[in-house]
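Here is how the chains run, residue by residue.
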Amino acid sequence: MRPDAPAVLTRRACLGAAGLLLAGCRGPSAEAPDWTARWVGTDLERGHRLRDHGLPPASLPARRCGVLVLGGGVAGLTAARRLIQAGVDDVHLLELEDSAGGNARGHEVGGQPCPLGAHYLPLPGPSAREVQALLEELGLLRRKNGRWVADERHLCHSPQERLFYDGAWVEGLLPPAEAGSARLAQYRRLSQQVSNARQHLGFALPSHRARWTADHAALDGQTFAAWLDAQGFHDPGLRWYLDYCCRDDYGADSRRVSAWAGLHYFASRHGFHAPGDDAAEREPVLTWPEGNAWITRRMASAIGSDRLHGGQTVLQVRSDRGPQAGVQVLAWDEALGAARSWSAQAAVLALPAHVATRVWADAPKALTALAAATPTAPWLVANLRLKAPLLERVGAEPAWDNVPFGSPGLGYVDAGHQDLRPDRPRMLLTAYRALPEGERGALLTQSAHAWAQRLVDELSSLHPDLPQRLAEVHLMRYGHAMAIPAPGLRGHPARPALRQLGGRLQWAHADLAGCSVFEEACAAGAEAAERCLRALGRPAR
Ligand SMILES: Cc1cc2nc3c(=O)[nH]c(=O)nc-3n(C[C@H](O)[C@H](O)[C@H](O)COP(=O)(O)OP(=O)(O)OC[C@H]3O[C@@H](n4cnc5c(N)ncnc54)[C@H](O)[C@@H]3O)c2cc1C
């Protein structure tokens, strides 16, 4: 515990304090709160322009360029970077929001940086070569004696994670298991099965760089929950943890995602380690106060403001064949309130599948089929600024990631965790919530305040004094945050076809993998750029 940290609330004292709070104000929700809440980060009008309005005439002067990249998330930024590296000078990128980054954008509350979405990146494995190259260029990785070494300043500082379990904080996220307990035996058996799956089946990130066999397809054909049941993994603590992992990476729990996705989560990265294993320490991850926006902002600035155009909603994309082969794009300029047509020799459409099918006139059948088969998860990300540090419960010290056991929420991350000042108070918390698909509509109909109240109520189980210490909440809502890797989705026959599309209009997005992580988006962008270069007859450098 830091010497200057706020008074520690012991378990007994905390229960007493909670009782006082309850007696004094009849529960956190009962009194008019002394905090404000508002939506930030996205303009719903823009996203829904495609759905709600017809195609406007192009009244702004037309523009021409070499290659257009449409969408400025990780996939689009990677595609633009690859094209520029290959010597295509007149690359232009159109992005709907005012700033690029997509699900990996950053924000500020009260002058403090924080994420709006993605907040960490595990050290890339051998298959994620584009990510390795990017991180090397950004100075985050360097080669030493033939191995990658990360710049420690950007690795998540210790303590990384803690779990609020049975009234106290414990280190790590796995529910505690006593020596000789049935739970520990289940942890060990799962660890062995994940290790066997890694060795004998093969998993990689990006996932298409591992082989795909009938055994993978059999896992893909069932839910993770059904597989766990069949394997006799019934311990409630283990099952909660696995559900938590699925919700954290895939936006849905083990009853919704495939057994392939459940195993892939562990087998493609760090494995699953029972307490006491040699490798039980969690793999280090790269993280920053503003989350993965630390990376996307640097990628955007390398492209340059003269080539990266924010506030441009792509409405329609057409590819022309024949001697005039090229791509025509109609985009709405949000600042000027009018549409412009762009023509380019080639384009990378770096938009989510459901948007790409809507704007791509004559979209390939494979894309339409994949979009129709892909369920998506709504998400809520809330940055909570405090007026004063929170009191602490007994147990493990405050960590970067702080998770309540048994909760449907994902807990919170301390946005200031990487700040090395010893006297730094914890004043900005980022709470994440993957929502059931049935709650998508409520993101539009319920107020920011109502959603913030739900989160505050949830987090008050960890910190009963939260309602009194809260100053403001900034909420970002995602109607379709990420693809859920439901059964059958990884093995969907459209996927290989989309990775081999010919022609000058290519699609790149994490949705192509059906699994929304940085490595997938990066690979999708780089590979789509390569296909564009081939279609243009330009040698890759
Ligand atoms: C809440 C949340 C937390 C996450 N946390 C992590 C994490 O910690 N680590 C991790 O690796 N991954 C995380 N992810 C996954 C994340 O989605 C991927 O890592 C990656 O950022 C996806 O990039 P993308 O380019 O494929 O997609 P997107 O980020 O969806 O990019 C698509 C872009 O297209 C733009 N666009 C959409 N429609 C139009 C249009 N009509 N015209 C122009 N532009 C348009 C969007 O604004 C966006 O910028 C998280 C996702 C969410 C939602």
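Before any of the text, the structure's been laid out above.
Note that the coordinates shown come from a computational prediction; the quantities given were computed from them, not determined experimentally. (Residues numbered from 1 in each chain as written. Predicted model: local features only at pLDDT ≥ 70, side-chain atom pairs only at ≥ 80, totals over all residues. Heavy atoms only, no water.)

Novice: Describe the packing of helix H6 (residues 182-201) against helix H9 (residues 236-250), naming the residues involved and giving the relevant values.
Specialist: At a minimum axis distance of 9 Å, the contact between H6 and H9 shows a crossing angle of 45°. Comparing their axes, H9 and H6 come out oblique. Residues Arg183, Gln186, Tyr187 and Leu190 of H6 touch H9, and the partners they reach there are Gly237, Leu238 and Leu242. The residue makeup of the contact of H6 with H9, split by class, is four nonpolar, two polar and one charged. (Axes fitted to C-alpha atoms, helices over the stretch in contact; angles between N-to-C directions. Helix = DSSP H or I, 4+ residues; strand = E, 2+ residues; numbered from the N terminus. Parallel < 35°, antiparallel > 145°, perpendicular 65-115°, else oblique. Contact = heavy atoms within 4.5 Å. Nonpolar A, V, L, I, M, F, W, Y, C, P; charged D, E, K, R; others polar.)

Novice: Could you give an account of helix H4 (residues 74-85), naming the residues involved and the relevant values?
Specialist: With twelve residues, H4 extends 16 Å between its outermost C-alpha atoms, agreeing within 8% with the 16 Å of an ideal straight helix rising 1.5 Å per residue. Where burial is concerned, most of H4 is hidden: ten out of the twelve residues are buried. Looking at the residues trailing H4, positive phi occurs at Gly87, about 95°. (Expected span 1.5 Å × (residues − 1). Buried < 20%, exposed > 50% of the residue type's maximum accessible area, 1.4 Å probe, protein only.)

Novice: Mind laying out the environment of Gly502, listing which residues take part and the relevant values?
Specialist: Along the chain, Gly502 turns up in the loop between helix H17 (494-498) and strand S21 (505-507). When the C-alpha atoms of Gly502 and Arg534 are compared, they prove to be 8.9 Å apart, with 32 residues separating the residues in sequence.

Novice: How would you sum up the site of the ligand? Please name residues and give values.
Specialist: Every one of the 32 residues lining the ligand counts as a neighbour, but Glu95, Asn103, His509, Ala510 and Ser516 are closest to it. Residue Val74 places a main-chain N or O atom 3.0 Å away from an oxygen atom belonging to the ligand. Within the backbone of His119, a nitrogen or oxygen atom sits 3.0 Å from an oxygen atom of the ligand. For the ligand, whose unbound accessible area comes to 990 Å², protein coverage reaches 94%. If you list the elements that add at least two residues to the shell around the ligand, you get H4, strand S13 (312-320), strand S16 (376-386), strand S20 (470-483) and helix H18 (518-535). Of the residues belonging to the shell around the ligand, the class tally is 18 nonpolar, twelve polar and two charged. Here the shell around the ligand gathers at least three residues from each of two domains, domain 1 (11-32 + 108-156 + 376-483) and domain 2 (56-98 + 310-374 + 492-535). (Near = heavy atom within 4 Å. Polar contact = N/O pair within 3.5 Å; in protein donor to acceptor, adjacent residues only side chain to side chain. Areas by Shrake-Rupley, 256 points an atom, 1.4 Å probe, with all protein chains shown as cover. Domains from an automatic or database assignment.)

Novice: Tell me about unusual backbone geometry, and please be specific about residues and values.
Specialist: For the bond running from Ser158 to Pro159, omega is -5°, close enough to zero to count as cis. With respect to the element layout, Pro159 can be found in the loop between strand S8 (147-150) and strand S9 (161-165). Here the amide bond leading from Leu205 into Pro206 is cis, since omega sits at 0°, within 30 degrees of zero. By the secondary structure assignment, Pro206 is in the loop between H6 and helix H7 (214-220). Non-glycine residue Asn145 carries a positive phi angle of around 50°.

Novice: Please provide a residue-by-residue account of the pairing of S16, values included.
Specialist: Across the eleven residues of S16, ten count as buried, placing the element largely inside the fold. Bridging between S16 and S20 involves ten bridges; their strand directions are antiparallel. The partner of Asn383 across the bridge, within S20, is His474. Relative to strand S19 (residues 428-434), S16 runs antiparallel, the two sharing seven bridges. Residue pairing for S19: Trp379 is matched across the bridge by Ala434. (Pairing = 2+ DSSP bridges.)

Novice: An account of the packing of helix H5 (residues 129-137) against H18 is needed here, citing residue identities and associated values.
Specialist: The N-to-C vectors of H5 and H18 enclose an angle of 95°; their axes lie 8 Å apart at closest approach. Considered as vectors, H5 and H18 are oriented roughly perpendicular to each other. Note on element contacts: H18 touches H5 through Phe518, Glu519, Cys522, Ala523 and Ala526, opposite Glu130, Val131 and Leu134. Across the contact of H5 with H18, the residue classes break down as six nonpolar, no polar and two charged.

By themselves, these are just geometric observations and shouldn't be taken as functional.
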